[in-house]
Amino acid sequence: MGRTTIGIVLNGVTGRMGLRQHLLRSVLAIRQDGGLPLRDGSVLWPEPVLVGRSEAKLRAIAESHGIAEKNWTTDLPAALARPDVQVYFDAQVTSARVKALQMAIDAGKHIYTEKPVAETLEQAVELARLADTAGVKHGVVQDKLYLPGLRKLARLVESGFFGRVLSVRGEFGYWVFEGDWQSAQRPSWNYRAADGGGIVLDMFPHWHYVLEQLFGPVRAVTARAATHVGRRWDEEGAPYDATADDAAYGIFELDGGVIAQINSSWTVRVNRDELVEFQVDGTHGSAVAGLHHCRIQPRAATPKPVWDPDVPTAQRFREQWQEVPDNDTFPNGFRAQWEQFLRYVAEDAPYAGDLWAGARGVQVAELGLRSSREGRRLEIPELDR
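Keep in mind it's a predicted model, so treat the numbers as computed, not measured.

Colleague: Looking at this structure, how should I read helix α6 (residues 148-159)?
Modeller: Within an α-helix, residues lying three or four positions from one another point in the same direction, as the helix has 3.6 residues per turn. Under the 1.5 Å per step criterion, the end-to-end length of α6 is 17 Å for twelve residues, consistent within 8% with the ideal 16 Å. Those residues of α6 that sit buried are Pro148, Gly149, Leu150, Lys152, Leu153, Ala154 and Leu156. Against the buried residues of α6 lie α7 (199-214), β14 (276-282), β15 (285-289) and β16 (294-298).

This is how it looks when you write it as structure tokens:
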């Protein structure tokens, strides 16, 4: 069978995630392996068209990776007007995303985008409706579901290992340097509310799709957001006031009585095996999953500790857990979802993470911030399509 080319506008490839995960480790990696095999025996060949604000950065990326000069530009409307482009991908800062996605939908392009899809629920719902009306296919990045640790956790859920799931506890975060005596690991816009920053808007959409797809719909949220570090330094070394939240403490109520507690922080020093870990406790067993590893403790192997504050414990609790084997080869999670989305576009393969899923993530973030302001629990209504 032959090879079919699919043109993809990638907007925001001069940023860390857009460059490393989406261009280099996903789209170009697919090309390096000969394209994406389809069901009919043909091969889908992604042709990237790079878009960004910096001509110098785009030129350097293109020259470094063999991308023709005609396939990079600072002119987004011109890129969207190309008849050989079928897909638009967005990895820009959140505040610039809605306008670009609207332009791409108006141009009749299929949509794939980083999250959050918008800064507000109203914008996110409008985007989903526009895409549905235009008849274009649409998807949102849900990379955490493709992590090896989360894949193993999903297998445990599907196998019935937990029995009845009771609770989920998540810890995410690390110390992001303020930028004065050591450079920050995250861009300064993350800490300015006016630029779409804040850990709630960044991470609650992630937690929503993890909880929704692994354990069930999220029905209520109680949250407390905080700005623990109020003074930071930007990329040029200039001080600025941090106006966006850098930590959030959330309780999510799911169908079936499952309670999830997830802490998210850029102001925490790591004392765990991985930067994110989820502990799931059920009637028949428990698991702790991170980015790569997953450990379990079944009911029959659960120890019986007794509380005695006067005697040091002799039990080594961490040693009582069993590592879940890989039993598979796990590709880069971003690439795995890119391949799934491209098959959705090319051959209508199943795909769950659409713009409506992205809107539900924004809804949880918006309600989480409102819960923090008002100090109360908020139920999550169904979205009106």
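Colleague: When you look at the sheet that holds strand β8 (residues 165-173) in this model, what are you seeing that I'm missing?
Modeller: Strand pairing in a sheet relies on backbone hydrogen bonds, with the paired strands running either antiparallel or parallel. Spatially, nine strands are ordered β17-β16-β15-β14-β8-β13-β12-β9-β18 in an open sheet, and the strand pairing comes out mixed. What marks the edges here is a single partner per strand, and that holds for β17 (322-323) and β18 (378-379). Set on the sheet, α6 makes contact with β14, β15 and β16; between it and β16 the angle comes to about 30 degrees. This element, helix α9 (residues 355-374), spans β9 (218-226), β12 (247-254) and β18 of the sheet and lies at about 55 degrees to β9.

Colleague: I would appreciate a short explanation of the packing of aromatic side chains in the present structure.
Modeller: Given two aromatic rings, one states the distance between the centres and the angle between the planes to describe the pair. Taken as a whole, this structure holds 14 aromatic pairs when the rule is applied. Judged by centre distance (5.6 Å) and plane angle (65 degrees), the ring pair of Phe172 and Trp207 falls under edge-to-face. In this pair, Phe172 is assigned in strand β8 and Trp207 in helix α7, connecting sequence segments 35 residues apart. The residues Phe172 and Trp207 share a single accessibility class, namely buried. Ring centres of Phe341 and Tyr344 lie 5.9 Å apart, and the angle between their planes is 65 degrees; this geometry places the pair in the edge-to-face category. Of this pair, Phe341 and Tyr344 both sit in helix α8 (residues 333-347), separated by three residues, roughly a single helical turn. By relative accessible area, Tyr344 is classed as buried at 16%.

Colleague: I tried to follow the environment of Ala29 on my own but got confused; where do I start?
Modeller: Its location among the elements puts Ala29 in helix α1 (residues 16-32). Separated by 306 residues in sequence, Ala29 and Arg335 place their C-alpha atoms 7.9 Å apart. Residue contacts for Ala29: discarding those within four places in its chain leaves Leu23, Leu24 and Arg335.

Colleague: Would you mind showing me how to read the nonpolar core here?
Modeller: Buried together is how nonpolar side chains tend to be arranged in soluble globular proteins. Counting 53 residues, the largest nonpolar core has Leu153, Leu156, Phe204, Leu211, Phe215 and Phe252 as the members making the most contacts within it. Looking at which element gives the most residues to this core, the answer is α7, with ten residues. When neighbours within four sequence positions are excluded, Leu211 is seen to be in contact with Val168, Gly216, Val218, Phe252, Leu254, Ala260 and Ile262. Listed in part, the 29 residues of the second largest apolar core include Ile8, Leu36, Ala62 and Val141.

Colleague: Would you mind going over unusual backbone geometry with me for this structure?
Modeller: Leaving glycine out, the prevailing phi sign among residues is negative, and the prevailing peptide bond configuration is trans. Residue Lys115 is joined to Pro116 through a cis peptide bond whose omega torsion reads -5 degrees. Positive phi values are uncommon outside glycine, yet Asn327 reaches one of about 55 degrees. One can find Asn327 in the loop between β17 and α8. In the Ramachandran plot, Asp348 falls in the positive-phi region, its phi being about 60 degrees despite a non-glycine side chain.

Colleague: Explanation requested: the pairing of strand β3 (residues 43-51) in the structure shown.
Modeller: Walk down a regular strand and you will see the side chains alternate between the two sheet faces. Extensive coverage of β3 is indicated by the burial of seven of its nine residues. Of the pairings in the sheet, the one linking strand β1 (residues 3-11) to β3 comprises nine bridges and is parallel in character. Bridge pairing in β3 links Arg3 to Val43. Here strand β2 (residues 36-37) hands over to β3 after five residues, with Gly41 in that stretch at a positive phi of 90 degrees. As paired strands, β3 and strand β4 (residues 72-73) are joined by two bridges and run parallel to one another. Opposite Val51, over in β4, you have Thr73 as the bridge partner.

Conventions adopted
- Residues numbered from 1 in each chain as written.
- Predicted model: local features only at pLDDT ≥ 70, side-chain atom pairs only at ≥ 80, totals over all residues.
- Heavy atoms only, no water.
- Helix = DSSP H or I, 4+ residues; strand = E, 2+ residues; numbered from the N terminus.
- Expected span 1.5 Å × (residues − 1).
- Buried < 20%, exposed > 50% of the residue type's maximum accessible area, 1.4 Å probe, protein only.
- Contact = heavy atoms within 4.5 Å.
- Pairing = 2+ DSSP bridges.
- Axes fitted to C-alpha atoms, helices over the stretch in contact; angles between N-to-C directions.
- Phe/Tyr/Trp six-rings, centres within 6.5 Å; stacked < 30°, edge-to-face > 60°.
- Core = buried A, V, L, I, M, F, W, Y, C linked by side-chain atoms within 4.5 Å.

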